[in-house]
Amino acid sequence: MAYEIKDWKEPDYSLVLDSDKLSNREPYSAEINETYGEGGGLNADYRAVEAIAIVSNLLGHANFEYGKHFVFKTKALEGISFDFCDKNTKDAGEIILQNYLK
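Only a predicted model underlies this, so the values are computations on that prediction, with no experimental measurement involved. (Residues numbered from 1 in each chain as written. Predicted model: local features only at pLDDT ≥ 70, side-chain atom pairs only at ≥ 80, totals over all residues. Heavy atoms only, no water.)

With 16 residues, helix 3 (residues 46-61) extends 22 Å from end C-alpha to end C-alpha; this agrees with the ideal 22 Å at 1.5 Å per step. Listing the buried residues of helix 3 in full gives Y46, R47, A48, A51, I52, I54, V55 and L59. Two to three positions downstream of the cap, the backbone nitrogen of R47 sits 3.2 Å from a side-chain oxygen, assigning the N-cap of helix 3 to D45. Just downstream of helix 3, N63 is the residue with a positive phi angle, here 70°. (Helix = DSSP H or I, 4+ residues; strand = E, 2+ residues; numbered from the N terminus. Expected span 1.5 Å × (residues − 1). Buried < 20%, exposed > 50% of the residue type's maximum accessible area, 1.4 Å probe, protein only. Polar contact = N/O pair within 3.5 Å; in protein donor to acceptor, adjacent residues only side chain to side chain.)

Structure representation (structure tokens):
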């Protein structure tokens, strides 16, 4: 069942982050495209994927559990979005991530 419809969170506790501030990786892999060609999952935005991994790692080190305290929601033009289970968790997560971005 999708996280959006599970009763695990309070509404409206999302946080949007700029993946360019979290990762300096290229958005696509020239090496993979050269070896395997373009198409399908090979066109993933690698910078966004790495930024999601960095956020999950930072929050995990702070004892946040994925699927319980936060989840990756979506990637849009404004950035990568995470949902948090409640206001206190979102506020604490935002502080952890802001410290990383400094």
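Still to come is the rest of the account.
What follows covers the nonpolar core. Membership of the largest hydrophobic core comes to 15 residues, with the highest contact counts inside it found for L17, L22, V55, L59, I80, F82 and F84. If you list the elements that add at least two residues to this core, you get strand 1 (14-17), helix 3 and strand 3 (79-84). If one sorts the elements of this core by residue count, helix 3 sits on top with six residues. Residue contacts for L22: discarding those within four places in its chain leaves L17, A51, I54, V55, I80, Y100 and L101. (Core = buried A, V, L, I, M, F, W, Y, C linked by side-chain atoms within 4.5 Å. Contact = heavy atoms within 4.5 Å.)

Another point: the packing of aromatic side chains. According to the stated counting rule, one finds four aromatic pairs in the structure shown. Taking 5.2 Å as the distance between ring centres and 90° as the angle between the ring planes, the aromatic pair formed by Y66 and F70 counts as edge-to-face. The rings of Y66, F70, F72, F82 and F84 are connected pair by pair, giving a single aromatic cluster. (Phe/Tyr/Trp six-rings, centres within 6.5 Å; stacked < 30°, edge-to-face > 60°.)

Within the secondary structure, L97 sits in helix 4 (residues 87-101). Not counting the four nearest positions on each side in its chain, L97 is found in contact with L15, L17, V55, L58 and L59.

Moving on: the sheet that holds strand 1. Read across the open sheet, the three strands follow the order 1-3-2; overall the sheet is antiparallel. Two strands close off the open sheet at either side, each with one partner strand: strand 1 and strand 2 (70-76). Within the sheet, the average angular offset between the axes of one strand and its neighbour, ignoring direction, is 25°. In the sheet, strand 2 pairs with strand 3 via six bridges, with the strands oriented antiparallel. From the neighbouring strand, T74 faces strand 3, where its bridge partner is S81. Strands in contact with helix 3 are strand 1, strand 2 and strand 3; relative to strand 3, the strand with the most contacts, it is inclined by about 30°. Running at roughly 15° to strand 1, helix 4 makes contact with strand 1 and strand 3 of the sheet. (Pairing = 2+ DSSP bridges. Axes fitted to C-alpha atoms, helices over the stretch in contact; angles between N-to-C directions.)

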